[in-house]
Every structure is written in structure tokens, then in C-alpha cells.
Amino acid sequence: MEELATALGRNIRQKRKEKGFSQDAFALATGIDRSYIGRIERGEVNITVEKLYEIAAVLQCEPASLLPAQTTL
């Protein structure tokens, strides 16, 4: 499961950067603490489905697009 959290975090970081958000600006937009965003992006925590939807809403993408493909696990 650790690989899943790491891959998800990597996808979130990539999409955040594509959208031009700094980590601080992204944390402010999502209402999630900046240090927790960092932990998500490093794969140190397992996020809830609710958090995934909140993140996807700010990134203007489908939550499923942030999930890693099974072949990357």
C-alpha cells in the first residue's frame, strides 16, 4: 500500500505543478495544511476519498485521474 500512496502523491504533485500552484498556494486553495499537503505528495499518509475529491476540485480534474494506474504499483 505504501507504493500506492507514493504514486498518488506523485500524481497530485505533478498536476499541482501543471496548474501553476506553489505548495503554499495549493494548501490555501484546498484548505489543507501545507505540511499535510507535503506529506500527501511524499506518500507518507493515506488520504480519505473526501480529501481526494477536495484536491481534485481545486485542480479542476476528475479524482480518478489522480489515481495511479495498476501497472505502476
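Since the model is a prediction, treat every value here as computed from it, not as a measurement.

J.: Which parts of the structure should I look at to understand the overall build of the chain?
T.: For the chain, the count of helices and strands is five helices and zero strands. Its helices and strands taken in sequence order, the chain reads α-α-α-α-α from the N to the C terminus. Once the C-alpha set of the chain is aligned to its principal axes, its extents read approximately 30 × 20 × 20 Å. Evaluated residue by residue, the chain yields a buried proportion of 34% over its 73 residues. When contacts within the chain are restricted to residue pairs at least 6 apart in sequence, those whose partners lie at least 24 apart make up 56%. As presented, the chain carries roughly 4,700 Å² of accessible surface, and 50% of it is formed by carbon and sulfur atoms. Treating the 10 positive side-chain charges of the chain as one cloud and the 10 negative ones as another, the clouds have centres 5 Å apart.

J.: What is the right way to read helix α1 (residues 2-18) from this model?
T.: Along an α-helix, residues three or four apart share an orientation, since each turn contains 3.6 residues. With 17 residues, α1 extends 24 Å from end C-alpha to end C-alpha; this agrees with the ideal 24 Å at 1.5 Å per step. All buried positions along α1 are accounted for by A5, A7, L8, G9, I12 and R16. In this structure, the buried side of α1 is in contact with α2 (23-30), α3 (34-41), α4 (49-59) and α5 (63-66). Once α1 finishes, G20 follows within two positions and takes phi at roughly 80 degrees, a positive value.

J.: Help me understand the pattern of salt bridges, please; the structure alone is not making it clear to me.
T.: When the charged atoms of two side chains with opposite charge come close together, those side chains can pair. By the definition in use, this model includes seven salt bridges. Residue E41 pairs with R13 through a salt bridge whose shortest N-O separation is 3.3 Å. Highlighted residues: E41 in helix α3 and R13 in helix α1, separated in sequence by 28 residues. In this structure, K15 engages E18 in a salt bridge whose closest nitrogen and oxygen atoms are separated by 4.0 Å. Taken together, the positions of K15 and E18, both in helix α1 and three residues apart, correspond to about one turn of that helix. Each of R13, R16 and E41 takes part in salt bridges that share partners, so that together they form one network.

Definitions and cut-offs
Residues numbered from 1 in each chain as written. Predicted model: local features only at pLDDT ≥ 70, side-chain atom pairs only at ≥ 80, totals over all residues. Heavy atoms only, no water. Helix = DSSP H or I, 4+ residues; strand = E, 2+ residues; numbered from the N terminus. Buried < 20%, exposed > 50% of the residue type's maximum accessible area, 1.4 Å probe, protein only. Contact = heavy atoms within 4.5 Å. Areas by Shrake-Rupley, 256 points an atom, 1.4 Å probe, with all protein chains shown as cover. Lys, Arg positive; Asp, Glu negative; His and termini not counted. Charge placed at Lys NZ, Arg CZ, Asp CG, Glu CD. Expected span 1.5 Å × (residues − 1). Salt bridge = Lys/Arg side-chain N within 4 Å of Asp/Glu carboxyl O.

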